[in-house]
Amino acid sequence: MSTKIRRIVAGVSGLAATSFLAGCAKDAPQDTWQPKGTNAKIIDDLQQPVFAIAGVIGVIVTCAVIYCIIKFRDRGQAMPEQTHGKPALEIGMTILPALILAGVGVFTFRTVFDLSKTSDTQMVVNVTGQQWWWEYDYPAQPEMGITAPIITSGQMIIPVGTKVLLRETSRDVIHSYWIPALNGKRDAVPGRVHTLRLDADKPGIYAGQCTEFCGLSHANMRMETVALSKEDFAAWVANQLTNAKSPAEKTLAKEGEGVFLNQCVRCHQVNGLKKADGTPAIAAPDENVWSGAAPNLTHLMSRNTFAGASFDLLSPKCRADVWGASSETVGKKYLAGVSEECLNQTDLRRWLRNAPAMKPMYADPAKLTSTNGKYRGMPNLGLTEDDIDKLVAYLSTLK
Amino acid sequence: MFTPGSKLFLGLTGFVIAVSVIYVALVDSSVGGAVALLSVAIGTALLAGLSLFNRDGEVAVGDVAAPAGAEPLTSSMWPLVATVGFVGVVAGLLTHPIVFFLGLIALLAAGVEWLIQSWSEGASSDKTYNASIRGRMLHPLEFPVLALVGLGVIIISFSRVMLAVSKDAGAIIFIIAGAAVLFVGSVFALKPSLKKTLVVGVCVAGAVGVAASGIAAASNGLRDDLVKAKKEHHFSHKECGEEEGEHFDHLAEGTISLRSNVVATIELRDGKLTARELGVDKVTQTITFPRSNDATIIFRNKDEKEVRLTAFLGTKAVQDGVVEEVLNCTQMIGIDHEQALTFKIAKPSMASDKPYTLTVPGLEGQSIEIMVP
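Quick summary incoming for the structure in this document. This one's a predicted model, so the numbers in the text were calculated from it and none came from an experiment.

Section: a nonpolar patch on the surface
Here comes step 1: Taken together, the side chains of Ile53(A), Ile57(A), Val61(A), Val65(A), Ile66(A), Ile69(A) and Ile70(A) define a hydrophobic patch exposed on the protein surface, amounting to about 540 Å² of accessible area.
Here comes step 2: Residue class for Ile66(A) comes out partly exposed when judged on its relative accessible area of 35%.

So, the pattern of salt bridges
Residue and element names in this part refer to chain A.
Here comes step 1: Per the counting criterion, the structure on display carries 26 salt bridges over all chains.
Here comes step 2: Notably, a salt bridge pairs Lys117 with Asp120, separated by 3.9 Å at the nearest N-O pair.
Here comes step 3: Classification of Asp120 as partly exposed rests on a relative accessible area of 26%.
Here comes step 4: A salt bridge links Arg197 to Asp120, with the shortest nitrogen-to-oxygen separation between them at 2.8 Å.

Some details on the side chain of Asn301(B)
Residue and element names in this part refer to chain B.
Here comes step 1: Relative to the assigned elements, Asn301 resides in strand β5 (residues 294-301).
Here comes step 2: Its relative accessible area of 0% is what places Asn301 among the buried residues.
Here comes step 3: At a separation of 2.9 Å, a polar atom in the side chain of Asn301 contacts the main-chain amide nitrogen of Asp303.
Here comes step 4: Contacts of Asn301, omitting those with residues within four sequence positions, involve Leu268, Glu306, Val307, Ile333, Gly334, Ile335, Asp336 and His337.

Quick notes on unusual backbone geometry
Residue and element names in this part refer to chain A.
Here comes step 1: Cis geometry is adopted by the peptide bond preceding Trp132, which originates at Gln131 and carries an omega value of -5°.
Here comes step 2: Inspection of the secondary structure puts Trp132 in the loop between β1 (123-130) and β2 (133-138).
Here comes step 3: Even without a glycine there, the phi angle at Asn372 is positive, about 55°.
Here comes step 4: Mapped onto the elements of the fold, Asn372 is located in the loop between α10 (355-358) and α11 (385-395).

Things to note about the state of the cysteines
Residues and elements named next belong to chain A.
Here comes step 1: Counted according to the given criterion, the structure contains one disulfide over all chains.
Here comes step 2: Across the disulfide from Cys318 sits Cys342; the S-S distance is 2.0 Å. Across the S-S bond of Cys318 and Cys342 the torsion is about -70°, and the bridge reads as left-handed. With Cys318 in helix α7 (residues 316-323) and Cys342 in the loop between α8 (330-335) and α9 (345-353), this pair connects stretches of sequence that are 24 residues apart.

Some details on the packing of aromatic side chains
Residue and element names in this part refer to chain A.
Here comes step 1: By the definition in use, this model includes 14 aromatic pairs over all chains.
Here comes step 2: Here Trp132 and Tyr362 contribute two aromatic rings whose centre-to-centre distance is 5.8 Å and whose plane-to-plane angle is 40°, an arrangement assigned as tilted. With a gap of 230 residues between them, Trp132 in the loop between β1 and β2 and Tyr362 in the loop between α10 and α11 connect regions that are remote in the sequence.
Here comes step 3: With a relative accessible area of 31%, Tyr362 lands in the partly exposed category.
Here comes step 4: Ring geometry for Phe311 against Trp351: centres 6.0 Å apart, planes inclined by 50°, an arrangement best described as tilted. Of this pair, Phe311 sits in strand β12 (residues 311-312) while Trp351 sits in helix α9, and the two are 40 residues apart along the sequence. Taken as a pair, Phe311 and Trp351 share a single burial class, namely buried.
Here comes step 5: Each member of the aromatic cluster is reached from another via a ring pair, and the members are Trp134, Tyr136 and Tyr177.
Here comes step 6: The ring of Trp178 carries Lys185 above its face, with NZ or CZ at 4.5 Å from the centroid.

Quick notes on the rules
- Residues numbered from 1 in each chain as written.
- Chains lettered and ligands numbered in written order.
- Predicted model: local features only at pLDDT ≥ 70, side-chain atom pairs only at ≥ 80, totals over all residues.
- Heavy atoms only, no water.
- Patch = residues over 30% accessible without salt bridge, like charges linked within 9 Å, V, L, I, M, F, W, Y side chains within 5 Å.
- Areas by Shrake-Rupley, 256 points an atom, 1.4 Å probe, with all protein chains shown as cover.
- Salt bridge = Lys/Arg side-chain N within 4 Å of Asp/Glu carboxyl O.
- Buried < 20%, exposed > 50% of the residue type's maximum accessible area, 1.4 Å probe, protein only.
- Helix = DSSP H or I, 4+ residues; strand = E, 2+ residues; numbered from the N terminus.
- Polar contact = N/O pair within 3.5 Å; in protein donor to acceptor, adjacent residues only side chain to side chain.
- Contact = heavy atoms within 4.5 Å.
- Disulfide = S-S within 2.5 Å.
- Phe/Tyr/Trp six-rings, centres within 6.5 Å; stacked < 30°, edge-to-face > 60°.
- Lys NZ or Arg CZ within 6 Å of the ring centre and 35° of its normal.

None of the figures reported here should be taken as evidence of function without further support.
Below you can see the structure in the form of C-alpha cells.
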C-alpha cells in the first residue's frame, strides 16, 4: 500500500472514529436515541432499523465509490471498452431501491398512525408558546385530581405512565414543542391547535428545546417535562391549587410584595395577591406584552427554572442533586422546590437587574413602534438594589 | 374683438352667474346649488377664453395657407371633455372627493387624447396615416379602459337589477340572461357570415338594455327584505340576544366551520347544551382556554328551532363608572346546521365577577362555563 493510500485510509478511519465516539456523550439530555416514553419508543422502533438499513447501504455505496476511485484511477492505461446499456442491471437497481423504500414506507405510515392515536388519552394539557417561553394550563380533570384549572410555565409536570394529550398553540409566531425523550416534535401555530401525545415510563426530568426558529431568543426557549409518580403528582396538584399567601407584616418579603404590586403585576399574575384596598390584583399582560401573556408566578419556587427555562432557580449544587437523582428519589427532591439555601440568587438578581442583558429580547421602548409600544420579553425595570432585595425575598415565598 | 364662439360662451357664463344669484336669493341659500351653478359658469368662461384665444379656429388673413392637398382637420370633443373635467375638479374641491377624482381623471384623459390627436393631425398631410399613428399610440390605452368601463357598467347595472327584484324573480332573470348570452354567442360562433352591423347592433342593444334596466332598478331601490335587514343591522350582526329581526342570513353557517381548527364543539340537542373538547372523548359542561389567545369553537344546532350561541366574555369600562358586558355570538343557526365562533379572553376567570359562559338566548338553565386559568 502506497504512502498516499495509507494517509487516505488513516484520515477516513480517524473521521469515522471521531463521529462514532461523538455519539457517546455522557450528558446528552436531548438525545433522540434514548426513548423514555411510549411514543418516543414507537419512533425509535422505526428509526433504528431504518438507520441500520440506510447505514448498510451507505457503507456499501461509499466502499464501492472508494474502490472504483482507487481501482480505476488514471495510471496512463489505455481507454477500456465503452459499452452502453445493461438492462438487467438498470432494472435491478431501480426495483431494489423502490422495494426498500416501499418497505420503509409501510412501517413509516404505520408509525405515523400510531403516533396520532389520541382515543385513550388520560389527561389533557394546553400548551401555549410565545416569545420565548412555554405556558401550560391544565383544564379541570377531577379523575386526575385536578379540580380546578392549573397554570404554570417552563416546566410541565405529568404523572408517570399516563397518556397525556398536549393541545399546542401559539400566541405570536410559530414555535415547536419537542421533548426528544418522550416524543417527536410538533409545531405550535397561532390560530391553530395541534395535538401531541406524551407519556413517560419513569419519573425524571426530560429536557427539550423549541425547534422552530421564532425570533431573537429562539435558542433560549427551552422547556422541561417533569414526570412524577402518581402520588407525587397528586401532591404537586394539591400545591398548585392553592393561592399564594401574603408574607407576614414588617418583613422584607412583605415589602417585596409592595414592589411586586407596583412593578411586576402589570404583567405577572400571582393568584391570591391583593391590592391595598383588598381587591384581587389582576395582571394585564394583554396591555403591555405583544403576545398578551407573561408567566404566572404564583408557584414560581415550585419549579426550578425561570425565564423560559433558560436559567436555573437552583444553585449548581442543588440542581445537580435534583437533575441527577434516581427515578425513585427525583419526585421528592423536585417537590421540595427551591429552598432559601438552594436559590440561585446570582442569576435571579441579574435577571431582575436587567433581564434583556441576560436573554436577548425586544424590550427597548424606543424600538417598539411595530408592536404599538408593547414588549416582546421582559424589559429592564430599572429596579434599585434595595427593590431587588425585597423582590427576591418576596419571590422566595411563592412556593 | 370678440369672436362669435367666445360671445356665445361669455353669454352663457353671464347667464349662469345670474341664475346662480337668483337661485341663492329665491330658491335655496345653501352652498351646494350655487357651487354647482358657479362651476358651470367657470367652465363656460374657460371655453370663452379658449374660443377667444384661437379665434374660433378660423384661419385669419395673413396666416400661412394650408399645403396643397391638405385635408381639413377633424372636429375634436376633447376640449369639451377637458372643460367638464375641470369643472368636476373645481366642484369636487368644494363638494365631494369622488367628484374631484372623476373630474381629474376626465381632465387627464382629455389632456392625453387632445395632445396625441393634435400631434398626429400635424404629422402628415395624409389623414388616414395620421389616424393610424394616433391609433397605434392610443388604442393600447383606450381599448382596455373602455372594456373595463363597459364591463363595469354592465356588472353594476345587473347587480342593481338583482338587488331590486325578488329572490325568485332574480333566479329566473339570471337563468334567462345566461341562456340568452349563451344562445346569442352560439349563433355568432356558428354563423360567422353574419353582418358585422347586425352583431354590433345586437351587442349594443343588449348592453344598453342592461344599463337601462340597471338605472331603472337603482332608482327603484332595494327590495323590501334587504331594506329591512339593513335597518335590523343584520349585515353587521349586532344581535346577540333572542332574535327579534326578521331578515338575516339564514345560511351564514355554511360549511366553512367544518374546516376550521376548533378547540371545542358545542352542541344543542333536546334542549341540552353540551361541550366536547378537542382530544377528549366525552361531553362536559366546562371548557378551558388559554388567556389572550384566539379560540375557535363550533356551535352545532341539533334542536328543533333556529337558535344562536352567545358568549359572555366579561365586562369592559366604556366610560367612567359605566361598564358593559362583552358579548360575542353566532348568527341564528338553522336546525342541523353549525357555525364557527372565534373569540379571545385576555384576563383569567378570576378577573370577572361572573363566570365566562356560553349560552343560548331563550334557553334557561343551560350554559357552558369557559375557564381561563
